[in-house]
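Architecture and fold: a report
In case you want the letters, here they are:
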Amino acid sequence: MPNSKEVFSWTVDQITLDEHPEEIRSIIYLMLEKKFNITKSNIIAARDIPDFNQGELHSIVKRINKGEPIQYIIGTQEFYGRSFNVDPSVLIPRPETELLISTVIDHLNMSRIDSPKILDIGTGSGCIPITLQLVLDAKDVTGIDISEKAIATARSNNQLHNTQVNFQLADVLNDPFPDNHYDIIVSNPPYVTEREKSGMKINVLNFEPHNALFVPDNDPLLFYKVIAEKSKICLNYGGIVVVEINQLYANDIELIFMTNSFRFVQTIKDLSGKDRIVKAIL
Ligand code: GLN
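Residues numbered from 1 in each chain as written. Predicted model: local features only at pLDDT ≥ 70, side-chain atom pairs only at ≥ 80, totals over all residues. Heavy atoms only, no water.

1. Observations regarding the side chain of Gln-77
Here is the rule we go by: In DSSP terms, a helix is any run of H or I states spanning at least four residues, a strand is any run of E spanning at least two, and both are numbered starting from the N terminus. Here, two residues are considered to be in contact whenever any of their heavy atoms come within 4.5 Å of each other.
Tracing the backbone through its elements, the reader meets Gln-77 in strand 1 (residues 76–79). Not counting chain neighbours up to four residues away, the residues in contact with Gln-77 comprise Gln-71, Arg-82, Ser-83, Phe-84, Val-86, Ile-92 and Pro-93.

2. Here's the deal with unusual backbone geometry
Quick note on the threshold: Only protein chains enter the calculation, and the probe is 1.4 Å; a residue is then buried if its accessible area is under 20% of its type maximum, exposed if over 50%, and partly exposed in between.
Unusually for a residue other than glycine, Asn-37 sits at a positive phi of about 60°. Along the chain, the position of Asn-37 falls in the loop between helix 2 (21–36) and helix 3 (40–44). A positive phi angle is found at Ser-115, which is not glycine, with a value near 40°. Inspection of the secondary structure puts Ser-115 in the loop between helix 6 (98–110) and strand 3 (118–121). Take Ser-115: its relative accessible area is 35%, and that puts it in the partly exposed class.

3. Brief notes about the sheet that holds strand 11 (residues 275–281)
Quick note on the threshold: Pairing between strands requires that DSSP locate at least two bridges from one strand to the other. Angular values range over 0 to 180 degrees, each being the angle between N-to-C directions of two axes fitted as lines to C-alpha atoms, with helices fitted over their stretch in contact.
Pairing is mixed in the open sheet, where seven strands are placed in the order 5-4-3-6-9-11-10. Every interior strand has two partners, whereas the edge strands, strand 5 (166–169) and strand 10 (263–269), have only one. Between one strand axis and the next, the sheet turns by 15° as a mean value, whatever way the strands run. For strand 10 and strand 11, the ladder comprises five bridges, and the chain directions are antiparallel. Following the sheet pairing, Thr-267 is matched in strand 11 by Val-278.

This is the structure:
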């Protein structure tokens, strides 16, 4: 029977990914804990592993070496301090998207809306509306997505967190918003252009859902135009839109909101200094 330290070293040695050795070690720690219940302290103590499933470890190593994101392999990702179920039908929550949450919280600290009514467009795993419901104690929160599978994953996250976000199948480009009295509308829509594909890593390009990532080169701001136009009709006076953006288009996106009667349109930079969030008040 192998001990956990041997299994850890063997696994690390099998990984052929072009990543920093520290990154590989932390991926393997995470994977062994989530898939085999082998914790870091077990590994350090070189504990024996009863019933070790070697076949499963081999198949996981193969998946990692093909570039499959570890989050899809273990089925979860942390976002804003909580764990969310993920699978290939949804984008893996990104740390920079936490800025969308803190932008909404900062705004509400300055304004006077109790229990705001919230809509999230292109909700994916549902990490945004579930987090907002929990941190704001918001009762009326809706998340829409064009993908039936994504809606199922989002609902599984509702169960996981014991939240009551109303997840609905809808196509933002062609369907009206479910209601028209929101205080807050948020979205992390697709915003990567086809021509940016060449600079992307295979773990994103080959595994994450393209309908959540890409927009056509000839209309990269398609989602922002529709969101601004529909939000103008469906937001309460003084309500806000907060969207994640492609850093290449901050000025154009600001302009879209300004030409749709929004005021105090503002771009906020993420931790790496990139334009990441646009906030607009109606
Ligand atoms: N930030 C994501 C990425 O770089 C893209 C997210 C999106 O398109 N909304 O992969």
